[in-house]
Amino acid sequence: MALSMVFPNLLNLVLTMVVARVLLKTGLDDYNTIITYPAMFAIMSDFGLSSVIVRDVSRHRGSMDRYFGSFFTMRIGTSLLMAAVSFGLLQFMQYQPYVKDFIYLTILSQFIFQMAQVFSASFQAAERMEYVTYGILLQSAAFFGLSIYFLGLGMSIRGLVYAGIISNVIMLLAYAYLARGRITRIRPGFDHSLIRYMAVS
């Protein structure tokens, strides 16, 4: 688990220096806005649900399938809600049109990332932290490699945004593969009593 913290941080440090050098005169402030604005809303999309599933499934080992479906459904709903809020408020922001276009793409990227976190929380509940580590390392390496590649092509901010989307898709697919047949059945659910319980917990 320590590796999943140290390795991404090292890559982020190197990438931050590269990005600062490349974008210093061509939009570093715009890039910071593009990644920060959607992140503010994405952070709020969990509503504490991950803590609930980790706590309850760790207590009741056989309840993963039941919890996962409802948890997945609720996270889709809360993530879409926060994406809609950020999208709506963005209409009133005085950003350049191209900045808004990239923010829309970053909102999509954040939604994909939040879906990956559904699996991450499930792995934590099942005490399979190695799966969490695999996903973090894969996403970090993919983002770093793709960012360097796209920056080398002269794609600037566009390349970084694309790298974020692709790396989050890779993480989501990797987590889905690891979960399927090992942790739980991957399908949304709608257990009214369970959803009501998680909503008020």
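Residues numbered from 1 in each chain as written. Predicted model: local features only at pLDDT ≥ 70, side-chain atom pairs only at ≥ 80, totals over all residues. Heavy atoms only, no water.

Caption draft 1: Expanded view of the packing of aromatic side chains. If you walk through the whole model with that rule in mind, you get 8 aromatic pairs. Ring centres of Phe123 and Tyr175 lie 5.3 Å apart, and the angle between their planes is 75 degrees; this geometry places the pair in the edge-to-face category. Within this pair, whereas Phe123 is found in helix H5 (residues 97–125), its partner Tyr175 is found in helix H7 (residues 156–179), the two being separated by 52 residues in sequence. Connected via pairs of aromatic rings, a cluster forms that spans Phe123, Tyr131, Tyr134 and Tyr175. (Phe/Tyr/Trp six-rings, centres within 6.5 Å; stacked < 30°, edge-to-face > 60°. Helix = DSSP H or I, 4+ residues; strand = E, 2+ residues; numbered from the N terminus.)

Caption draft 2: Region of interest: the environment of Ser167. With respect to the helices, strands and loops of the structure, Ser167 is situated in helix H7. Relative accessible area serves as the criterion here: at 0%, Ser167 is assigned to the buried category. Considering only alpha carbons, one finds Ser167 and Ser140, 27 residues apart in sequence, at a separation of 7.5 Å. Not counting residues within four places of it along the chain, the set of residues in contact with Ser167 comprises Gln139, Ala142, Phe143 and Leu146. (Buried < 20%, exposed > 50% of the residue type's maximum accessible area, 1.4 Å probe, protein only. Contact = heavy atoms within 4.5 Å.)

Caption draft 3: Molecular detail of the pattern of salt bridges. What the rule picks out here adds up to 1 salt bridge. Across the pair Arg128 and Glu130 runs a salt bridge, and its minimum N-O distance is 2.6 Å. Classification of Glu130 as partly exposed rests on a relative accessible area of 30%. (Salt bridge = Lys/Arg side-chain N within 4 Å of Asp/Glu carboxyl O.)

Caption draft 4: The arrangement of the nonpolar core in detail. Formed by 23 residues in total, the largest nonpolar core has its most connected members in Val19, Tyr31, Ile34, Ile103 and Ile157. Counting residues per element, the ones that place at least two in this core are helix H1 (2–23), helix H2 (28–44), helix H4 (64–90), H5, helix H6 (129–152) and H7. Not counting residues up to four positions away in its chain, the partners in contact with Tyr31 are Val19, Leu23, Phe143, Ile157 and Leu160. (Core = buried A, V, L, I, M, F, W, Y, C linked by side-chain atoms within 4.5 Å.)

Caption draft 5: Molecular detail of H2. Counted at 1.5 Å a residue, the expected span for H2 with its 17 residues is 24 Å, and the 25 Å between its end C-alpha atoms agrees. Along H2, the residues that are buried comprise Tyr31, Ile34, Tyr37, Pro38, Phe41 and Ala42. (Expected span 1.5 Å × (residues − 1).)

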